[in-house]
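Each chain is listed here by its residues.
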Amino acid sequence: MVRIPFIAANWKMNKTVDQAMNFTEHFLPEVKDAADVDIVICAPYTLLVLLGAQFKDTNVDLGAQNMYWEEKGAYTGEIAPDMLTDIGCTYVILGHSERRTLFHESDEEVNCKVQVALQHGLKPIVCVGEDLTEREEGKTSEKVSRQVRAAFKDIDAKEVLNCVVAYEPIWAIGTGKSASPQDANAVIQSIRQNLADIYEHEIAGQIRILYGGSVKPENIASLMAFEDIDGALVGGASLDWEKFAALVENK
Ligand code: PGA
């Protein structure tokens, strides 16, 4: 089963309009001929309208970093799924560890968001991963498996094909300390096995599973060399257009 490489930027809470324009002005021409790779930029809400217009008819897709599960109404400060599709978002990151840790998002809430995103035609990038204590206590598979099962509860096989999973060990995010490609691949294999247990091998074999956590142009190729690592979710190194273009190039 051929899975097209998937390179996604997670800009987190970074970039003003001017900074985003400067990025796209250089980045879009640089990657316009990149073949056999899906490129996604998940930007802050304030930039999505602008980027949606800029990415139209390009090979770069737009993503958000979160959304709420209600359709509209009195939810001050929240953003609904239709608001995202309306301005050209294809993807939405759900359950990022920063949302889970800093904003206390539970497995149940992540599952609810995954269901609603799919109902509205958004493709979720579902994040899972263990913290340092869990890793040191040998609880990585247990934690990741629990998160995967919870996130995909009541999602059927047809719908799950519209999802991407990102394995992001929390201790590797923003620390410069990436997981070794061997370790990342082993956890990703276990995630694929979890998906095969829920669905079936044929389905699990089609779902892209990314690695995230201190990915940079220098280590992307060694990660992607492993069979089960289908791409990367990139924070810090995605903020610089040259680095992010190099990541797309070196994938
Ligand atoms: P990082 O972040 O590349 O800066 O480690 C990755 C992420 O949080 O998605």
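Residues numbered from 1 in each chain as written. Predicted model: local features only at pLDDT ≥ 70, side-chain atom pairs only at ≥ 80, totals over all residues. Heavy atoms only, no water.

1. Here's the deal with the site of the ligand
Okay, step 1: The immediate surroundings of the ligand are formed by 13 residues, with Lys-12, His-96, Glu-168, Gly-174 and Ser-214 found nearest.
Okay, step 2: A distance of 2.7 Å separates an oxygen atom of the ligand from a polar backbone atom of Ser-214.
Okay, step 3: Summarising the interface, the protein chains cover 95% of the accessible area of the ligand, which totals 280 Å² for the free molecule.
Okay, step 4: Among the residues making up the shell around the ligand, the classes are represented as 4 nonpolar, 7 polar and 2 charged. (Near = heavy atom within 4 Å. Polar contact = N/O pair within 3.5 Å; in protein donor to acceptor, adjacent residues only side chain to side chain. Areas by Shrake-Rupley, 256 points an atom, 1.4 Å probe, with all protein chains shown as cover. Nonpolar A, V, L, I, M, F, W, Y, C, P; charged D, E, K, R; others polar.)

2. Focus: a negative patch on the surface
Okay, step 1: Together, Glu-70, Glu-71, Asp-82 and Asp-86 make up a negatively charged patch on the protein surface.
Okay, step 2: Topologically, Asp-82 is positioned in helix α3 (residues 81-86).
Okay, step 3: Judged by its relative accessible area of 40%, Asp-82 is partly exposed. (Patch = residues over 30% accessible without salt bridge, like charges linked within 9 Å, V, L, I, M, F, W, Y side chains within 5 Å. Salt bridge = Lys/Arg side-chain N within 4 Å of Asp/Glu carboxyl O. Lys, Arg positive; Asp, Glu negative; His and termini not counted. Charge placed at Lys NZ, Arg CZ, Asp CG, Glu CD. Helix = DSSP H or I, 4+ residues; strand = E, 2+ residues; numbered from the N terminus. Buried < 20%, exposed > 50% of the residue type's maximum accessible area, 1.4 Å probe, protein only.)

3. Thoughts on the sheet that holds strand β3 (residues 60-64)
Okay, step 1: Taken in spatial order, the 8 strands close into a barrel running β1-β2-β3-β4-β5-β6-β7-β8, and their pairing is parallel. Ignoring strand direction, the axes of neighbouring strands in this sheet form an average angle of 25°.
Okay, step 2: Bridge analysis of strand β1 (residues 6-10) against strand β2 (residues 38-42) gives 5 bridges, and the strand direction is parallel. When the bridges of β2 are listed, Phe-6 appears paired with Asp-38.
Okay, step 3: Strand contacts of helix α1 (residues 17-31): β2 and β3, with the helix running at about 170° to β2, the strand carrying the most contacts. (Pairing = 2+ DSSP bridges. Axes fitted to C-alpha atoms, helices over the stretch in contact; angles between N-to-C directions. Contact = heavy atoms within 4.5 Å.)

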